[in-house]
Amino acid sequence: MKVAVLGLGYWGPNLVRNFLSNPDILSVTGVDINPSRLKIIKDKFPNALLTKDFDLVLKDLPIYIVAIATPVDTHYKFAKEALKNGKNIWVEKPFTATSKQAEELIKTAEKNKLKIFVDHTFIYNGAVTKIKELVNKNELGDIIYFDSVRVNLGLFQHDVNVIWDLAPHDLSIMNYIIKAKPVAVTANGIANYSNLENVAHLSVYFDDNTFAHFHVNWTSPVKIRRMIVGGNKKMLVFDDMENSEKIKVYDSGINIQTQEGIYDALVEYRIGDMYSPKIAQAEALATGVKEFISAIKENRQPLTNGYDGLEIVKILEASDKSIKQKGKLIKL
């Protein structure tokens, strides 16, 4: 297969490198209107082809995949053009700026028998794969809550707020491991430096009383990438800043015992052993590339597809409505 990567800014070079490294890829063409970015790619990856003209890519029949790593508000336009010209598409997160755009792209892809891959990279992270395995084995029991913190100093975006920028990572993980259906969203935040919120809290409610909470922040003095998944049997902590033991499983929880008389229910805390499971070591982006190519060859939906992208965009849209109304509950 031949691939084109549109947008060679922050994330584009990583896509170029990983597509070039895959043995099923014959060539990679980098596309950007900025000459300095083209030069950077040429210096780093001499085997990459380069062009400023996206139309040439669209007309190049052997190019089978177009990877789109441009600002969110351009995703729909470029993705639509690629699909209409017979290209499978890889789109950076978030998938689109609106759910209507996502639905139209899904419809266009299915009409033209093409595949959509949404780059929810963390789904291909070895630690997240292990979490999914533990949940599927019922190691944690029923999931009660999902609590995530993703904060750092920068990188400010000019087109989306901090929820749209940082939350899709952990929302995609939530969507991947929790089987229940999200039914409502609340969001609170503040914009200190522009009209885009830079600190925010997002809550997601599920149809089975599971609860998820996300804290995202561009203005934290420390970088934190931590997630807690609480089950009624065991609890799990995923700290992506740890060099080793990124996942810790705690045999801890709460037991409720009914007691007649003074109390209707007596809460007992259970604190047991902790262990850290082994995690497969592989670059998540390389695994994602491999998955997309396999999905195209096998004519199936990739693990992170347009429908997954649509579900995340619906939550992000609801967060916008809620944050503008000071945390009003918005039904999905």
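Residues numbered from 1 in each chain as written. Predicted model: local features only at pLDDT ≥ 70, side-chain atom pairs only at ≥ 80, totals over all residues. Heavy atoms only, no water.

Enquirer: Give me the lowdown on the side chain of threonine 304, citing residues and values where you can.
Expert: Mapped onto the fold, threonine 304 is located in the loop between helix 8 (284-298) and helix 9 (306-324). The class of threonine 304 is buried, set by a relative accessible area of 3%. From its side chain, threonine 304 meets the backbone oxygen of valine 118 in a polar contact 2.9 Å long. Within the local environment of threonine 304, its side chain forms a polar contact with the side chain of tyrosine 124, the two groups lying 2.8 Å apart. If near-sequence neighbours (up to four positions away) are discounted, threonine 304 is found in contact with Ile116, Phe117, Val118, His120, Ile123 and Tyr124. (Helix = DSSP H or I, 4+ residues; strand = E, 2+ residues; numbered from the N terminus. Buried < 20%, exposed > 50% of the residue type's maximum accessible area, 1.4 Å probe, protein only. Polar contact = N/O pair within 3.5 Å; in protein donor to acceptor, adjacent residues only side chain to side chain. Contact = heavy atoms within 4.5 Å.)

Enquirer: Lay out the nonpolar core with the relevant residues and their values.
Expert: For soluble globular proteins, nonpolar side chains are generally found buried alongside one another. The biggest cluster of nonpolar side chains holds 95 residues, and the ones touching the most others in it are Phe19, Phe146, Ile163, Leu171, Met174, Leu202 and Val204. Here this core takes nine residues from helix 7 (residues 162-177), the largest share from any one element. With residues up to four places along the chain from it excluded, the contact list for leucine 202 reads Ile163, Ala167, Leu171, Val185, Thr186, Ala187, Ala212, His213, Phe214, Ile315 and Ser319. (Core = buried A, V, L, I, M, F, W, Y, C linked by side-chain atoms within 4.5 Å.)

Enquirer: Go over the packing of helix 6 (residues 126-136) against helix 7, please, and point to the residues and values.
Expert: Axis angle and axis distance: for two packed helices, these are the angle between their axes and the distance between the axes, and together they describe the pair. Where helix 6 meets helix 7, the axes come as close as 10 Å, and the angle between the chain directions of the two elements is 30 degrees. When the interaxial angle is binned, helix 6 and helix 7 end up roughly parallel. When you trace helix 6 past helix 7, the crossing you get is right-handed. Each of Val128, Ile131, Lys132 and Val135 in helix 6 lies in contact with helix 7, whose residues at this interface are Ile173, Tyr176 and Ile177. Looking at side-chain class alone, the contact of helix 6 with helix 7 contains six nonpolar, no polar and one charged residues. (Axes fitted to C-alpha atoms, helices over the stretch in contact; angles between N-to-C directions. Parallel < 35°, antiparallel > 145°, perpendicular 65-115°, else oblique. Left-handed = near helix turned anticlockwise from the far one by under 90°. Nonpolar A, V, L, I, M, F, W, Y, C, P; charged D, E, K, R; others polar.)

Enquirer: Can you lay out the packing of aromatic side chains for me, pointing to particular residues and giving the numbers?
Expert: The description of two aromatic rings rests on the distance between their centres and on the angle between their planes. Applying the stated criterion across every chain, the model contains eleven aromatic pairs. Seen from their ring centres, phenylalanine 19 and tryptophan 90 are 5.4 Å apart, and the 70 degrees between their planes marks the pair as edge-to-face. Of the two residues, phenylalanine 19 is situated in helix 1 (residues 12-21) and tryptophan 90 in strand 5 (residues 88-92); the sequence distance between them amounts to 71 residues. Classification of phenylalanine 19 as buried rests on a relative accessible area of 0%. Residue tryptophan 90 is classed as buried on the basis of its relative accessible area, which comes to 0%. Members of the aromatic cluster, joined through ring pairs, are Phe19, Trp90, Phe117, Tyr124 and Phe292. One cation-aromatic arrangement involves lysine 132 over tyrosine 176; the distance from NZ or CZ to the ring centre is 4.9 Å. Here the basic side chain of arginine 150 rests over the ring of phenylalanine 122, its NZ or CZ set 4.6 Å away from the ring centre. (Phe/Tyr/Trp six-rings, centres within 6.5 Å; stacked < 30°, edge-to-face > 60°. Lys NZ or Arg CZ within 6 Å of the ring centre and 35° of its normal.)

By themselves these figures say nothing about function.
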